[in-house]
Amino acid sequence: MPYSVDLRKRVIAAINEKMPVETAAKVFQLSRKVIYNWIDLQKETNSLEPKTGYQKGHSHKITDLEAFTKFVKNNQNCSLPKFMLAWEKLTGVKVSQSVMQRALKKIGYTSKKNV
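Residues numbered from 1 in each chain as written. Predicted model: local features only at pLDDT ≥ 70, side-chain atom pairs only at ≥ 80, totals over all residues. Heavy atoms only, no water.

Right, let's get into the packing of aromatic side chains. Scanning the entire structure with this criterion turns up 5 aromatic pairs. Ring centres of Tyr3 and Trp38 lie 5.5 Å apart, and the angle between their planes is 80°; this geometry places the pair in the edge-to-face category. With Tyr3 in the segment before α1 (5-16) and Trp38 in helix α3 (residues 32-45), this residue pair connects regions lying 35 residues apart in the sequence. For Tyr3, a relative accessible area of 40% puts it in the partly exposed group. (Phe/Tyr/Trp six-rings, centres within 6.5 Å; stacked < 30°, edge-to-face > 60°. Helix = DSSP H or I, 4+ residues; strand = E, 2+ residues; numbered from the N terminus. Buried < 20%, exposed > 50% of the residue type's maximum accessible area, 1.4 Å probe, protein only.)

Take the pattern of salt bridges next. Using the criterion set out here, one finds 2 salt bridges in the structure. Across the pair Arg10 and Asp6 runs a salt bridge, and its minimum N-O distance is 3.4 Å. Within this pair, Arg10 and its partner Asp6 are both found in helix α1, separated by 4 residues, close to a single helical turn. One salt bridge connects Arg32 with Glu22, and the closest N-O pair in it is separated by 3.9 Å. In this pair, Arg32 is assigned in helix α3 and Glu22 in helix α2 (residues 21-28), connecting sequence segments 10 residues apart. The class for Arg32 is partly exposed, based on a relative accessible area of 45%. (Salt bridge = Lys/Arg side-chain N within 4 Å of Asp/Glu carboxyl O.)

It is worth spelling out helix α4 (residues 65-74) at this point. Among the residues of α4, those classed as buried are Phe68, Phe71 and Val72. The buried residues of α4 occupy an angular sector of 95° when the element is viewed end-on, so they sit on one face. Of the exposed residues in α4, the ones pointing more than 90 degrees away from its buried face are Glu66, Lys70, Lys73 and Asn74. Buried residues along α4 sit in contact with α5 (80-91) and α6 (97-106). (Arc of directions from axis to C-beta. Contact = heavy atoms within 4.5 Å.)

Let us look at the nonpolar core. Counting 13 residues, the largest nonpolar core has Ile62, Phe68, Phe83, Trp87, Val95, Met100 and Leu104 as its most contacted members. At the level of elements, α4, α5 and α6 are the ones that each hand at least two residues to this core. Setting aside residues up to four positions removed in sequence, Trp87 forms contacts with Ile62, Phe68, Phe71, Gly92, Val93, Val95 and Met100. The next biggest cluster of nonpolar side chains, apart from the first, holds 12 residues, and it includes Val21, Ala24, Ala25 and Ile35. (Core = buried A, V, L, I, M, F, W, Y, C linked by side-chain atoms within 4.5 Å.)

With their axes 11 Å apart at the nearest point, α4 and α5 run at an angle of 125° to one another. On the basis of the axis angle, α4 is oblique to α5. At the point where α4 passes α5, the crossing takes the right-handed sense. Residues Phe68, Phe71 and Val72 of α4 touch α5, and the partners they reach there are Phe83, Ala86, Trp87 and Leu90. Among the residues making up the contact of α4 with α5, the classes are represented as 7 nonpolar, no polar and no charged. (Axes fitted to C-alpha atoms, helices over the stretch in contact; angles between N-to-C directions. Parallel < 35°, antiparallel > 145°, perpendicular 65-115°, else oblique. Left-handed = near helix turned anticlockwise from the far one by under 90°. Nonpolar A, V, L, I, M, F, W, Y, C, P; charged D, E, K, R; others polar.)

Spelled out as structure tokens, the structure:
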């Protein structure tokens, strides 16, 4: 969880009033690295807002779930290896079995057959 913007502003204000970084680190109970990162962030963006919008987790190969759902409905009788080959032909993206299973699970399909 990022530090509050209020704390960031107070620390940078203290640094701007000639307080050494080492002293500010002790007073505000922060590491010097964090303070230097905030100084760099302010120089780059003119803001002390924490960075947002970064990806959580590993990169995802199947991102358009609507298109994937249509693909699955059109190829319902395929096995998993055939799904993988057909998806690669359609999109040009090669996926592994685990990626295909995870995407099927996201849209509500299972690999189990109900009799």
